[in-house]
Amino acid sequence: MEKLTNRSVVASDKKMTFMERIYVPAILKGMSITITHFFKKKTTINYPEEKREFSKVYRGQHVLKRDDEGRERCTACGLCAVACPAEAITMVAAERKPGEEHLYREEKYAAIYEINMLRCIFCGDCEDACPKEAIFLTDRIVASEYKRKPFVYGKDILVEPMDLRVDISARQTSAVHDFKKNKAFAHNR
Amino acid sequence: MDYSTLIFKAIFLIIILLVTLVVAMYSTYAERKVAAFMQDRNGPNRAGPFGLLQPLADGLKMFMKEEIIPLTANKYLFILGPSIAMTTALLTGVVIPWGDTLTIGDHVYSLQMADLNIGILYVFAMVSIGVYGIMIGGWASNNKYALLGAIRAASQMISYELAMGMSIIALVLTTGSLSLHDIVSQQHGMHWNIFYQPLGFFIFLTCAFAETNRAPFDLPECETELIGGYHTEYSSMKLGFYLFAEYVNMFISSAVIATLYFGGYNMPFIDQLGLSSNAVTFIGMGFFFIKIFAFIFLFMWIRWTLPRFRYDQLMNMGWKGLIPLAIFNILATGTYYFFTSLK
């Protein structure tokens, strides 16, 4: 088997040599190692002041997008719930009433849309499954809570407000677009 | 002894006590910083600038903790243990010459609390009593881990005190005096004893590590095997006293090493500068503290480098390694002085 590093030493119970028995050379060697580390750059990131840079396609808290006119894109088709391996997503569909055209883009919409953040594994399959480009994972971190109940996020948290739109352009590149439109893949037919 | 000397001694005693405590307090901070730096971390940096208030926060925490005396423990000895550990740790500072003489007006004051003519023996006596603090505490806890730690401490002390005493005998052969004041003043210029007794210094240093229960000889505490050893049952400030006594001991033994082998408050080229005697005293005192801090750093450096010795390794090293080496050192020193004095 190939070794991971070249630093591994084969252990043996041979008699120690004189130099090993007087300990001092080994101690000095160890001390030279620790003193070089003493002056090395620290690897710590001082969290509240400094933050670790996220990947551009970091998968954090979900967002339910609106279109440019402020209408919810989700049509409650349920594909995300089917795709979800952790079964974290539930929804209840409802029919759009006349006069609600400015709220929902299509004739069917999700009256209730809930994601259980304790079940969610942030795999991003819901985003892949969505045919309406309604759900995306963002670089926001799910906040901690004291109880289990608040971790079930409803539409009040998930749907983006129009005055505070969530930028998902990093995740929705043209390559992703082409992939979703390509009829050669079974899921797009 | 007139009144001015008495007042000076009293003030000086308080200063030395405070300095010892503050240095020990900030040794805990330094220890954590050194440990962190050697492990590529930052260490405490939240309490105050650079975490400088961390020792105060730790002390406050210790005071606020619940004081627990186990029902099965021997109550008086349980309280006596940490008191002895702390008292003996502080007592050693009395004989250490912190500086040369200070001239105020017509009076000349010595910056040494008591110039005992058996100074070294006094240091030894105090260090030896120190182990009673650990032993009594461990025994009074009525806990097998604590007792194991106490027994380990006792046998470790006995083993290493022999080698330490013998390394001192060789030193006494070169200096011809047991008074710490004489030993320091003999090292004036660059006649530091380290150049005459390198082997003795090495033995003394190793034994000092063992006597202060510092890694790699921290078997009496031994968190992983003995869950704290002799202070397993202790809580609150009694635990604080034990932990603090360790740092005081570290400071004092650094001072003793600097005094015996590194010229105490002497520094090179001080005579050539042509300063007044008071200025020389203060510079020398500063230099003495630099030496002490260097040794405290060495203590920490070694602690965060080496793993703990196994108990048989400890005993082998003490009895089969250091003691024969110390005896050889005495013989070599004695032979040298015998033949040089014949001429």
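Because the structure is a prediction, the values reported are computed rather than measured.

Peer 1: Please explain the overall build of chain B as it appears in this structure.
Peer 2: Within chain B one finds 12 helices and 2 strands. Secondary structure elements of chain B occur, N-terminal to C-terminal, as α-α-α-β-β-α-α-α-α-α-α-α-α-α. Compactness check: chain B gives a C-alpha radius of gyration of 21 Å against a globular reference of 20 Å for 343 residues, within 12% of the reference. A buried classification covers 52% of the 343 residues belonging to chain B. Taking all contacts inside chain B whose residues are at least 6 apart in sequence as the whole, residues at least 24 apart take part in 80%. Accessible surface for chain B amounts to roughly 15900 Å². Of this, 72% is attributable to carbon and sulfur atoms. Here chain B contributes 18 positively and 20 negatively charged side chains, and the mean placements of these two sets differ by 9 Å.

Peer 1: I tried to follow the pattern of salt bridges on my own but got confused; where do I start?
Peer 2: Residues and elements named next belong to chain A. By the definition in use, this model includes 17 salt bridges over all chains. Ionic pairing is found between Lys65 and Glu160, a salt bridge with its closest N-O pair at 3.2 Å. With Lys65 in the loop between strand 1 (62-64) and helix 3 (79-83) and Glu160 in the loop between helix 5 (155-158) and helix 6 (174-181), this residue pair connects regions lying 95 residues apart in the sequence. Given the relative accessible area of 1%, Glu160 is considered buried.

Peer 1: Hey, could you run me through helix 4 (residues 119-140) of chain B in this one?
Peer 2: Within an α-helix, residues lying three or four positions from one another point in the same direction, as the helix has 3.6 residues per turn. Across its 22 residues, helix 4 of chain B extends 32 Å between first and last C-alpha, which sits within 8% of the 32 Å expected from 1.5 Å per residue. One or two positions beyond helix 4 of chain B, positive phi appears at Asn142(B), with a value near 55°.

Peer 1: Sorry if this is basic, but what is going on with the confidence of the model for chain B here?
Peer 2: Do not read the fine detail of predicted coordinates wherever pLDDT is low. Counting all residues, the mean pLDDT for chain B is 84, and 98% of those residues have values of 70 or more. Interface predicted TM-score (ipTM) for the complex: 0.74; the corresponding pTM is 0.78.

Peer 1: It is not clear to me how the nonpolar core should be interpreted in this structure. Could you clarify?
Peer 2: Side chains that are nonpolar tend, in soluble globular proteins, to be buried together. Residues Trp98(B) and Leu260(B) are the most contacted members of the largest nonpolar core, which totals 94 residues. If sequence neighbours within four positions are ignored, Trp98(B) has contacts with Phe12(B), Ile16(B), Gly93(B), Leu111(B), Phe251(B), Ala255(B), Tyr265(B), Met285(B), Phe288(B), Phe289(B) and Ile292(B). The next biggest cluster of nonpolar side chains, apart from the first, holds 22 residues, and it includes Ala76(A), Ala86(A), Cys126(A) and Cys130(A).

Peer 1: Explanation requested: a nonpolar patch on the surface in the structure shown.
Peer 2: A contiguous nonpolar surface patch, about 550 Å² in accessible area, is contributed by Tyr3(B), Leu6(B), Ile7(B), Ile11(B) and Ile15(B). In this fold, Leu6(B) is placed in helix 1 (residues 3-38).

Peer 1: Whenever I open this one, the sheet that holds strand 3 (residues 108-116) of chain A confuses me. Can you help?
Peer 2: Either a parallel or an antiparallel arrangement is found when strands of a sheet pair, and the pairing is made through backbone hydrogen bonds. One open sheet holds the 3 strands; their spatial order is 2-3-5 (chain A), and the pairing between them is antiparallel. Of all strands in the sheet, those with a lone pairing partner are strand 2 (89-95) and strand 5 (152-153) of chain A, marking the two edges.

Peer 1: Just checking my understanding: could you explain unusual backbone geometry for this structure?
Peer 2: A negative phi angle is the norm for most residues apart from glycine, just as the trans form is the norm for most peptide bonds. All names here are of chain B. The phi dihedral of Asp40 falls on the positive side, at around 60°, and the residue is not glycine. Considering the arrangement of structural elements, one finds Asp40 in the loop between helix 1 and helix 2 (54-64). Looking at Asp40, the relative accessible area reads 15%, which means it is buried. For Asn213, which is not glycine, the phi dihedral falls at a positive 55°. Along the chain, Asn213 falls in the loop between helix 8 (198-211) and helix 9 (223-226).

Peer 1: Any chance you could explain the interface of chain B and chain A here in plain terms?
Peer 2: It is common to give the size of an interface as the accessible area that goes away when the parts come together. Contacts between the two partners involve 19 residues from chain B and, on the opposite side, 16 residues from chain A. Summed over both sides, the interface between chain B and chain A buries roughly 1600 Å², with carbon and sulfur atoms accounting for 65% of that surface. At the boundary of chain B and chain A, one finds 1 salt bridge. With a closest N to O distance of 3.2 Å, Glu49(A) and Arg46(B) form a salt bridge. Among the elements that take part in the side of chain B that touches chain A, helix 11 (residues 277-303) of chain B stands out by supplying 4 residues, more than any other. Its residues assigned to classes, the side of chain B that touches chain A comprises 12 nonpolar, 4 polar and 3 charged.

Peer 1: Please clarify how the pairing of strand 1 (residues 101-104) of chain B should be interpreted in this entry.
Peer 2: Residues in a regular strand point their side chains to alternate faces of the sheet. Residues and elements named next belong to chain B. Where strand 1 meets strand 2 (residues 107-110), 4 bridges bridge the pair, whose relative direction is antiparallel. Paired with Thr103 across the strands is Val108, a residue of strand 2. The hairpin turn running from strand 1 into strand 2, its antiparallel successor, is 2 residues long, and Gly105 in that turn takes a positive phi close to 65°.

Peer 1: What's the story with the packing of helix 2 (residues 24-38) of chain A against helix 1 of chain B in this structure? I'm lost.
Peer 2: Two measures define how a pair of helices packs: the angle their axes make with one another and the distance between the axes. Running from amino to carboxyl end, helix 2 of chain A crosses helix 1 of chain B at an angle of 95°, the nearest separation of the two axes being 7 Å. Between helix 2 of chain A and helix 1 of chain B, the angle is such that the two are roughly perpendicular. From helix 2 of chain A, Thr34(A), His37(A) and Phe38(A) reach across to helix 1 of chain B, where they touch Val34(B), Phe37(B) and Met38(B). Its residues assigned to classes, the contact of helix 2 of chain A with helix 1 of chain B comprises 4 nonpolar, 2 polar and no charged.

Peer 1: Any chance you could explain the side chain of Ser159(B) here in plain terms?
Peer 2: Residues and elements named next belong to chain B. Relative to the helices and strands, Ser159 is located in helix 5 (residues 144-175). Looking at Ser159, its side chain comes within polar contact range of the main-chain oxygen of Ser155, at 2.7 Å. Residues within four places of Ser159 in sequence aside, it is in contact with Met315, Trp319 and Ile323.

Peer 1: Is there a simple way to explain the packing of helix 1 of chain B against helix 10 (residues 236-261) of chain B in this structure?
Peer 2: Residues and elements named next belong to chain B. Relative orientation of the contacting elements helix 1 and helix 10 amounts to 105°, with a least axis distance of 9 Å. Judged on the interaxial angle alone, helix 10 and helix 1 are roughly perpendicular. Note on element contacts: helix 10 touches helix 1 through Phe244, Tyr247, Val248, Met250, Phe251 and Ile252, opposite Thr20, Leu21, Val23, Ala24, Met25, Ser27, Thr28 and Glu31. A class-by-class count of the residues in the contact of helix 1 with helix 10 yields 10 nonpolar, 3 polar and 1 charged.

Peer 1: Please clarify how the packing of aromatic side chains should be interpreted in this entry.
Peer 2: Two aromatic rings are characterised by how far apart their centres lie and by the angle between their planes. Counted according to the given criterion, the structure contains 30 aromatic pairs over all chains. A ring pair is formed by Trp98(B) and Phe251(B), whose centres lie 5.9 Å apart and whose planes are at 15°; its orientation type is stacked. Of this pair, Trp98(B) sits in the loop between helix 3 (75-91) and strand 1 while Phe251(B) sits in helix 10; the two residues are 153 residues apart in sequence, bridging distant segments of the chain. Where Phe217(B) meets Phe309(B), the ring centres are 5.4 Å apart and the plane angle is 25°; that geometry is what we call stacked. One end of the pair, Phe217(B), is in the loop between helix 8 and helix 9; the other, Phe309(B), is in the loop between helix 11 and helix 12 (311-342), with 92 residues separating them in the sequence. On the accessibility criterion, Phe309(B) (11% relative accessible area) is buried. What links up through ring pairs into an aromatic cluster is the set Trp192(B), Phe195(B), Phe201(B), Phe204(B), Tyr261(B), Phe262(B) and Phe295(B). Residue placement shows Lys42(A) over the ring face of Phe37(B); its charged tip is 4.3 Å from the ring centre.

Quick notes on the rules
Residues numbered from 1 in each chain as written. Chains lettered and ligands numbered in written order. Predicted model: local features only at pLDDT ≥ 70, side-chain atom pairs only at ≥ 80, totals over all residues. Heavy atoms only, no water. Helix = DSSP H or I, 4+ residues; strand = E, 2+ residues; numbered from the N terminus. Rg over C-alpha atoms; globule rule 2.2 N^0.38 Å. Buried < 20%, exposed > 50% of the residue type's maximum accessible area, 1.4 Å probe, protein only. Contact = heavy atoms within 4.5 Å. Areas by Shrake-Rupley, 256 points an atom, 1.4 Å probe, with all protein chains shown as cover. Lys, Arg positive; Asp, Glu negative; His and termini not counted. Charge placed at Lys NZ, Arg CZ, Asp CG, Glu CD. Salt bridge = Lys/Arg side-chain N within 4 Å of Asp/Glu carboxyl O. Expected span 1.5 Å × (residues − 1). pLDDT = per-residue confidence, 0-100. Core = buried A, V, L, I, M, F, W, Y, C linked by side-chain atoms within 4.5 Å. Patch = residues over 30% accessible without salt bridge, like charges linked within 9 Å, V, L, I, M, F, W, Y side chains within 5 Å. Pairing = 2+ DSSP bridges. Buried area = accessible area lost by both parts, 1.4 Å probe. Nonpolar A, V, L, I, M, F, W, Y, C, P; charged D, E, K, R; others polar. Axes fitted to C-alpha atoms, helices over the stretch in contact; angles between N-to-C directions. Parallel < 35°, antiparallel > 145°, perpendicular 65-115°, else oblique. Polar contact = N/O pair within 3.5 Å; in protein donor to acceptor, adjacent residues only side chain to side chain. Phe/Tyr/Trp six-rings, centres within 6.5 Å; stacked < 30°, edge-to-face > 60°. Lys NZ or Arg CZ within 6 Å of the ring centre and 35° of its normal.

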